[in-house]
Amino acid sequence: MIVTNIEIIPGRRVLRHLGMVTGSTVRAKHAGKDIMAGFKNIFGGELKAYTELMQEAREEAMQRMIAQAKAIGANAVINVRFATSSITVGAAELFVYGTAVVLDEPAPQA
Amino acid sequence: MNVDLVVFLALLSAGYVFGRYNERKHFRSIQEREQAMRELLVFSERLPPPQPGAVECTLVVGSCVVAFDYFKSFVAGLRNLFGGRVTSYETLMDRARREALLRMKQEAAELGATMIVNVKIETSSISGEAANATGSVEVMAYGTAIVPRQRG
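The numbers attached to residues start from 1 for each chain and follow its sequence in the written order. The lettering of chains begins at A and the numbering of ligands begins at 1, in the order of writing. A pLDDT threshold of at least 70 governs which residues receive local features in this predicted model, and a stricter bar of 80 or more applies before side-chain atom pairs are shown or counted, although totals over entire chains, interfaces and linings include all residues. Working from all heavy atoms in the structure, the side-chain values ignore hydrogens and water.

Novice: Before we move on, could you go through the pattern of salt bridges and cite the residues and values that matter?
Specialist: The term salt bridge refers to a side-chain nitrogen of Lys or Arg lying within 4 Å of a carboxyl oxygen of Asp or Glu. Counting across every chain of the model gives 14 salt bridges over all chains. With a shortest N-O distance of 2.3 Å, Arg46(B) and Glu7(A) are connected by a salt bridge. With Arg46(B) in the loop between strand E1 (41-42) and strand E2 (55-67) and Glu7(A) in the loop between strand E1 (2-3) and strand E2 (14-28), this residue pair bridges two chains. Among the salt bridges present, the one from Arg12(A) reaches Asp104(A), with a minimum N-O distance of 3.8 Å. Per the convention used, a helix needs a DSSP run of H or I reaching at least four residues, while a strand needs a run of E reaching at least two, with both numbered from the N terminus.

Novice: So what's going on with the packing of helix H1 (residues 2-36) of chain B against helix H2 (residues 70-82) of chain B? Residues and values would help.
Specialist: Residues and elements named next belong to chain B. Axis lines are fitted through C-alpha atoms, for helices just across the contact stretch, and the angle between N-to-C directions can take any value from 0 to 180 degrees. Between H1 and H2, the shortest axis-to-axis distance is 6 Å and the interhelical angle comes to 110°. Overall, the two elements H1 and H2 adopt an arrangement that is roughly perpendicular. Residues Phe8, Leu11, Leu12, Gly15, Tyr16 and Glu23 of H1 touch H2, and the partners they reach there are Tyr70, Phe71, Lys72 and Phe74. For the contact of H1 with H2, a count of residues per class yields seven nonpolar, one polar and two charged. Angular relationships are summarised with four words: roughly parallel below 35 degrees, roughly antiparallel beyond 145, roughly perpendicular across 65 to 115, and oblique for the angles in between. Two residues qualify as a contact provided that any one of their heavy atoms is within 4.5 Å of a heavy atom in the partner residue. Residues are grouped as follows: Ala, Val, Leu, Ile, Met, Phe, Trp, Tyr, Cys and Pro are nonpolar; Asp, Glu, Lys and Arg are charged; every other residue, Gly included, is polar.

Novice: Residue-level account of the side chain of Asp104(A), with values.
Specialist: All names here are of chain A. Tracing the sequence through the fold places aspartate 104 in the segment after strand E5 (91-103). Polar contacts here mean pairs of N or O atoms no more than 3.5 Å apart (in protein, one a potential hydrogen donor and the other a potential acceptor; neighbouring residues in sequence count only if both atoms are side-chain atoms). Only 3.0 Å separates the side chain of aspartate 104 from the backbone nitrogen of arginine 13, close enough to count as a polar contact. Look past the residues within four positions of aspartate 104 in its chain and what remains in contact with it is Arg12, Arg13 and Leu15.

Novice: Residues and numbers for the pairing of strand E4 (residues 76-86) of chain A, please.
Specialist: Residues and elements named next belong to chain A. Only strands joined by at least two bridges in the DSSP assignment are considered to pair. Bridge count for E1 against E4 is two bridges, and the pairing is parallel. Looking at the pairing, isoleucine 2 lines up with alanine 76 of E4. In terms of strand pairing, E4 meets E5 through nine bridges, oriented antiparallel. Pairing of alanine 83 across the sheet is with phenylalanine 95, part of E5.

Novice: Lay out the environment of Lys40(A) with the relevant residues and their values.
Specialist: Its place among the elements puts Lys40(A) in helix H1 (residues 31-43). Buried means the residue's accessible area, taken with a 1.4 Å probe over protein chains only, is under 20% of the maximum for its type, while exposed means over 50%, and partly exposed covers the values in between. What makes Lys40(A) partly exposed here is its relative accessible area of 32%.

Novice: Would you mind going over the interface of chain B and chain A in detail, with residue names and values included?
Specialist: Tallying the contact residues gives 47 residues for chain B and 40 residues for chain A. Accessible area that two parts lose when put together, evaluated with a 1.4 Å probe and summed over both, is termed the buried area. Taken together, the two surfaces of chain B and chain A that pack against each other cover about 3,500 Å², and 57% of this comes from carbon and sulfur. At the boundary of chain B and chain A, one finds two salt bridges. Where chain B touches chain A, the interface holds 10 residue pairs in polar contact (both at pLDDT 80 or more). Put simply, the parts of the chain that give the side of chain B that touches chain A at least two residues each are H1, E2, helix H3 (87-111), strand E3 (115-125) and strand E4 (136-148) of chain B.

Novice: Lay out the packing of aromatic side chains with the relevant residues and their values.
Specialist: Residues and elements named next belong to chain B. Here the aromatic set is Phe, Tyr and Trp, taking the six-membered ring for Trp, and pairing holds for ring centres within 6.5 Å; pairs whose planes are under 30 degrees apart are stacked, those over 60 apart are edge-to-face, and all others are tilted. According to the stated counting rule, one finds four aromatic pairs over all chains in the structure shown. Between phenylalanine 8 and phenylalanine 74, the aromatic rings sit 5.3 Å apart at their centres with planes inclined by 70°, giving edge-to-face as the arrangement. Here phenylalanine 74 lies in helix H2 and phenylalanine 8 lies in helix H1, a separation of 66 residues in the sequence.

Novice: Go over the packing of H1(B) against H3(B) with me, naming the residues and quoting the values.
Specialist: All names here are of chain B. Closest axis-to-axis distance for the H1/H3 pair is 10 Å, and the angle between their directions is 35°. The way H1 lies across H3 gives a crossing that is left-handed. Residue-level inspection shows Glu23, His26, Phe27, Ile30, Gln31, Arg33 and Glu34 of H1 in contact with H3, the latter providing Thr91, Asp94, Arg95, Arg98, Glu99 and Leu102. Put simply, a crossing is left-handed when the front helix is turned counterclockwise from the back one by less than a right angle, and right-handed when it is turned clockwise.

Novice: Let's hear about the pairing of E5(A): which residues, and what values?
Specialist: Inspection of the sheet shows E2(A) paired to E5(A) by 12 bridges, in the antiparallel sense. Looking across to E5(A), one finds that Gly23(A) is bridged to Val96(A).

Novice: Mind laying out the sheet that holds E5(A), listing which residues take part and the relevant values?
Specialist: Residue and element names in this part refer to chain A. Spatial ordering of the open sheet is given by E1-E4-E5-E2, a layout of four strands whose pairing is mixed. At either margin of the open sheet sits one strand with a lone partner, and together these are E1 and E2. Strands in contact with helix H2 (residues 48-71) are E1, E2, E4 and E5; relative to E2, the strand with the most contacts, it is inclined by about 145°.

On their own, these measurements won't tell you what the molecule is for.
Shown next as structure tokens:
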């Protein structure tokens, strides 16, 4: 499965467009991490727990999108976009969407 | 009343000292890594320039969440009264953005990419609008890494 955020794949042709595929997830960290983040607000610096949270969320959302693309028979997702929104304190929604397409086979190596 | 003042001043100075120290350290590390990654080009153009030979492309992402320190929040609060540039937050956003870009570059470099195109940077506050919320911003950078295909 090829996933990119440009509209074409260099050297490959798009045979069929299968429409938009999406994946989303809402995740939260446990309260302990939230309290630690509160302390960080005094000293500043990176919130590792939240960075991790966003990374997990992104992985999850992308997996869901890829699963959806596979289910309709695509072999690539192009023009992928991310959207993030916060719902409540410590929870974030991550939404990822793209266009599922069928690509031709890669040209034989020169 | 007096205790409140002492706590406030303690938080303020802790924020100032540690926040400053962290920021200096972070900027130094950012500059070092930016130097190391200079060879990897990043474009916000939609499509890559024509490539000699076959290439593969993959989505690469980097993100970073940074928190405001107590001193920065206080200074920004003061600045809100008079208006103008909130420099204390500007440096924070700069750090977050450069860190996110660096992490994206790191991911691309591990794949052996020569450039990253169509880079988008997105900023969001993950703490919500609540008054007592932790002030933090998330910056996410993503783009398409162009990896030359290995011959043979």
